[in-house]
Amino acid sequence: MTEDQTATAAGDTPMGRPPRNRRELLVKMLWIGVWLIFLSSPISDLTSGRHTTGATVAGALGLAAFVGVYLSLVFRRMGRPFSPRLTVSMITILGVLAPALAYSLGSAWLGLFVYLSVACGATLPVRAAYWAIPVSGAAMYLVGLHSSEKEARGLLFLVVMIGFSMVGVGQLVRTTIELRKARATVAHLAANEERLRLARDLHDLLGHSLSLITLKSELAGRMLPDQPEKAAQQVADIEQVSRQALVDVREAVSGYRRPRLAAELAGTQVALTAAGVTADVPAEPDLTGVPEESESALAWALREAVTNVVRHSGADKCLIRLTHRQTLDGPMLELCVEDNGSGGSGKGPGNGLTGLTERLEKAGGTLEAGRVRHGFRLVAHVPTATSGHVGSGA
């Protein structure tokens, strides 16, 4: 599960990403709409009848223009921002409308400077915002001296602080976007590195064999008319080299397909959380000295157990423990997966558990699975050369 999918599953909209559907658009509109509460004073002032008809019409038009420019800046900032020149021009418009309306119509309009400060903090570069926000606060205070110095003094702290808060939010959004790009780059480089490693391994495995097959095929072709016995020997050598190459390729593919326990633990946390199951998963264990065959068998056991929890158990809690134990058969690494579900409706072990038992026995391990008092438990043991506790669920 990606970062955006996790955020969506948790009910949040991904930070630094434009709305991708109607639900995310409504969430961001609601978040922005909450802050329009400061418009209640100008609207109440317009409808109070204290101004002339001309002043009321001019105030309404100025307020509509101010809100339109402000919302355009904020909404575009979530997706494809305006160019720097256009952004500065729109903030200039806000910087002209806010003092003009507040000076002409009274202290009820001083709240417009809050939006001017927010726009400066959210859209301007950090250095520009550092001086634009205090200038907005100072302008608000000077305009307030004309109508209500007390109200201007009360708003001054809010105007400055909310502006600098938006600078911090903007920095957080930019950092999130950069981290997302860096993560995508790392994933791309890792995929390229894995492809290169696969290409190198296949070249090392098959390059010599294929060259030898080609050489012996040419020799067999030249010997076939006059020396059929030697040609037959060359063909037999070709067959032997081909079989060995096939074995090498199968072993290589088996190694690539071999699951790693640390990766399975990370995938387990994501899978259980996505399925609505409260997961208690141990941290990445210390597998020093654990044979690869044993680790692979436990990884398969963990995958099978988690698949059963997600698909069949109906559980809402799952506990996973990894422990090194000293037994009569020698040191063992134990995997315990326990849930509080019903365990499905099957009357006996399914094909998955049967195959898992065979896989563990091949690695020298054992499997125990069955109902317990409050759910279902699967315990797998594999031999190891180390001892000591490697991590457990609480």
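The present account deals with the structure reproduced in this document. (Residues numbered from 1 in each chain as written. Predicted model: local features only at pLDDT ≥ 70, side-chain atom pairs only at ≥ 80, totals over all residues. Heavy atoms only, no water.)

## A word on the overall build of the protein chain
Argument step 1. Summing up its helical and strand segments, the protein chain has 12 helices and five strands in all.
Argument step 2. Within the protein chain, contacts between residues at least 6 apart in sequence are counted, and of these 68% link residues at least 24 apart.
Argument step 3. Total accessible area computed for the protein chain in this model is approximately 22,900 Å², and 60% of it derives from carbon and sulfur atoms. (Helix = DSSP H or I, 4+ residues; strand = E, 2+ residues; numbered from the N terminus. Contact = heavy atoms within 4.5 Å. Areas by Shrake-Rupley, 256 points an atom, 1.4 Å probe, with all protein chains shown as cover.)

## With respect to helix α6 (residues 112-123)
Argument step 1. End to end, α6 covers 17 Å across 12 residues, agreeing with the expected 16 Å (1.5 Å per residue, within 8%).
Argument step 2. Of all 12 residues that make up α6, 12 are buried, and the element is covered over most of its length.
Argument step 3. Looking only at α6, the buried set comprises Leu-112, Phe-113, Val-114, Tyr-115, Leu-116, Ser-117, Val-118, Ala-119, Cys-120, Gly-121, Ala-122 and Thr-123. (Expected span 1.5 Å × (residues − 1). Buried < 20%, exposed > 50% of the residue type's maximum accessible area, 1.4 Å probe, protein only.)

## Things to note about helix α11 (residues 292-313)
Argument step 1. The terminal C-alpha atoms of α11, which comprises 22 residues, lie 30 Å apart, in line with the 32 Å expected from a rise of 1.5 Å per residue.
Argument step 2. If you check which residues of α11 are buried, you get Ser-294, Glu-295, Ser-296, Ala-297, Leu-298, Ala-299, Ala-301, Leu-302, Ala-305, Val-306, Val-309 and Ser-313.

## A closer look at the side chain of Glu-295
Argument step 1. With respect to the helices, strands and loops of the structure, Glu-295 is situated in helix α11.
Argument step 2. Residue classification places Glu-295 among the buried residues on the basis of a relative accessible area of 8%.

## A few points about the packing of aromatic side chains
The geometry of an aromatic ring pair is captured by the separation of the ring centres together with the interplanar angle, meaning the angle of the planes.
Argument step 1. Evaluated as defined, the whole model comprises three aromatic pairs.
Argument step 2. Arranged with centres 6.4 Å apart and planes meeting at 75 degrees, the rings of Phe-66 and Tyr-115 form a pair that is edge-to-face. Pair noted here: Phe-66 is in helix α4 (residues 53-78) and Tyr-115 is in helix α6, with a separation of 49 residues, a long-range link.
Argument step 3. Under the relative-accessibility criterion, Phe-66 is labelled buried at 1%.
Argument step 4. Plain terms: the ring middles of Tyr-70 and Tyr-115 are 5.0 Å apart, the flat faces sit at 70 degrees to each other, and that makes the pair edge-to-face. Linking Tyr-70 in helix α4 with Tyr-115 in helix α6, this pair joins segments that are 45 residues apart in sequence.
Argument step 5. Using a relative accessible area of 5% as the deciding quantity, one classes Tyr-70 as buried.
Argument step 6. The exposure class of Tyr-115 is buried, given its relative accessible area of 2%.
Argument step 7. Just above the ring of Trp-300 sits the side chain of Arg-303; from NZ or CZ to the centre is 4.6 Å.
Argument step 8. Seen from the ring of Trp-300, Arg-359 lies directly overhead, with NZ or CZ sitting 4.4 Å from the centre. (Phe/Tyr/Trp six-rings, centres within 6.5 Å; stacked < 30°, edge-to-face > 60°. Lys NZ or Arg CZ within 6 Å of the ring centre and 35° of its normal.)

## A closer look at the pairing of strand β2 (residues 317-327)
Argument step 1. Relative to β2, strand β1 (residues 278-280) runs parallel, the two being bridged by three bridges. Across the sheet, the residue bridging to Asp-280 is Leu-319, located in β2.
Argument step 2. Here 10 bridges tie β2 to strand β3 (residues 330-339), and the two strands are oriented antiparallel to one another. For Ile-320, the partnering residue across the bridge sits in β3 and is Val-337. (Pairing = 2+ DSSP bridges.)

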